[in-house]
Amino acid sequence: MEDDVDAMVAEAVRSVRDRFGADGLRDLVALARAEIDRSERAVDGRLDELAEPTAAPAETLDSADTQAWIAYTESNPEPANDE
């Protein structure tokens, strides 16, 4: 599937995953869904309905979770895909 995705998009997703883990990816998906909806409304000519999306309420993040994820990804790096 990743072959069909622009390299910049794939790198953005991997960066969020590596830094914030699953919670960060969920936030990314939620923001992406809001942007998809906003973009579709713009295409449909409903520009008057558009407003800048408000930021999702910040969840209290445990920095230990982030540190654990970083330690995990550093100790178990993904195999290089040199194809």
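Please read these numbers as outputs of a predicted model, since none were measured by experiment.

### Side note on the overall build of the protein
Within the protein one finds two helices and zero strands. Put simply, the protein has 83 residues, and 7% of those count as buried. About 7200 Å² of surface is accessible on the protein, with carbon and sulfur atoms providing 54% of the total.

### A closer look at helix H1 (residues 7–43)
For H1, with 37 residues, the first-to-last C-alpha span of 25 Å runs short of the 54 Å given by 1.5 Å per residue. The largest bend in H1 is about 130 degrees, located at Phe 20. Residues of H1 that are buried include every one of Ala 10, Val 16, Gly 21, Gly 24, Arg 38 and Arg 41, and no others. The distance from a side-chain oxygen at the start of H1 to the backbone nitrogen of Met 8 is 2.8 Å, and the residue carrying that oxygen is Asp 6. In the stretch just after H1, Gly 45 is the one whose phi turns positive, near 85 degrees.

### Some details on the pattern of salt bridges
Counted according to the given criterion, the structure contains four salt bridges. One salt bridge in this structure joins Glu 11 and Arg 14, with 3.4 Å as the shortest N-O distance. Here Glu 11 pairs with Arg 14, and both are found in helix H1, just three residues apart, close to one helical turn. Taking the relative accessible area as the measure of exposure, Glu 11 reaches 41% and is therefore partly exposed. One salt bridge in this structure joins Arg 41 and Asp 37, with 3.3 Å as the shortest N-O distance. In this pair, Arg 41 and Asp 37 both sit in helix H1, four residues apart, roughly one turn of the helix. The class of Arg 41 is buried, set by a relative accessible area of 17%.

What counts and how
Residues numbered from 1 in each chain as written. Predicted model: local features only at pLDDT ≥ 70, side-chain atom pairs only at ≥ 80, totals over all residues. Heavy atoms only, no water. Helix = DSSP H or I, 4+ residues; strand = E, 2+ residues; numbered from the N terminus. Buried < 20%, exposed > 50% of the residue type's maximum accessible area, 1.4 Å probe, protein only. Areas by Shrake-Rupley, 256 points an atom, 1.4 Å probe, with all protein chains shown as cover. Expected span 1.5 Å × (residues − 1). Bend = angle between axes of the 7 residues up to and from the residue. Polar contact = N/O pair within 3.5 Å; in protein donor to acceptor, adjacent residues only side chain to side chain. Salt bridge = Lys/Arg side-chain N within 4 Å of Asp/Glu carboxyl O.

Fair warning: the whole summary comes from geometry, so function is off the table for now.
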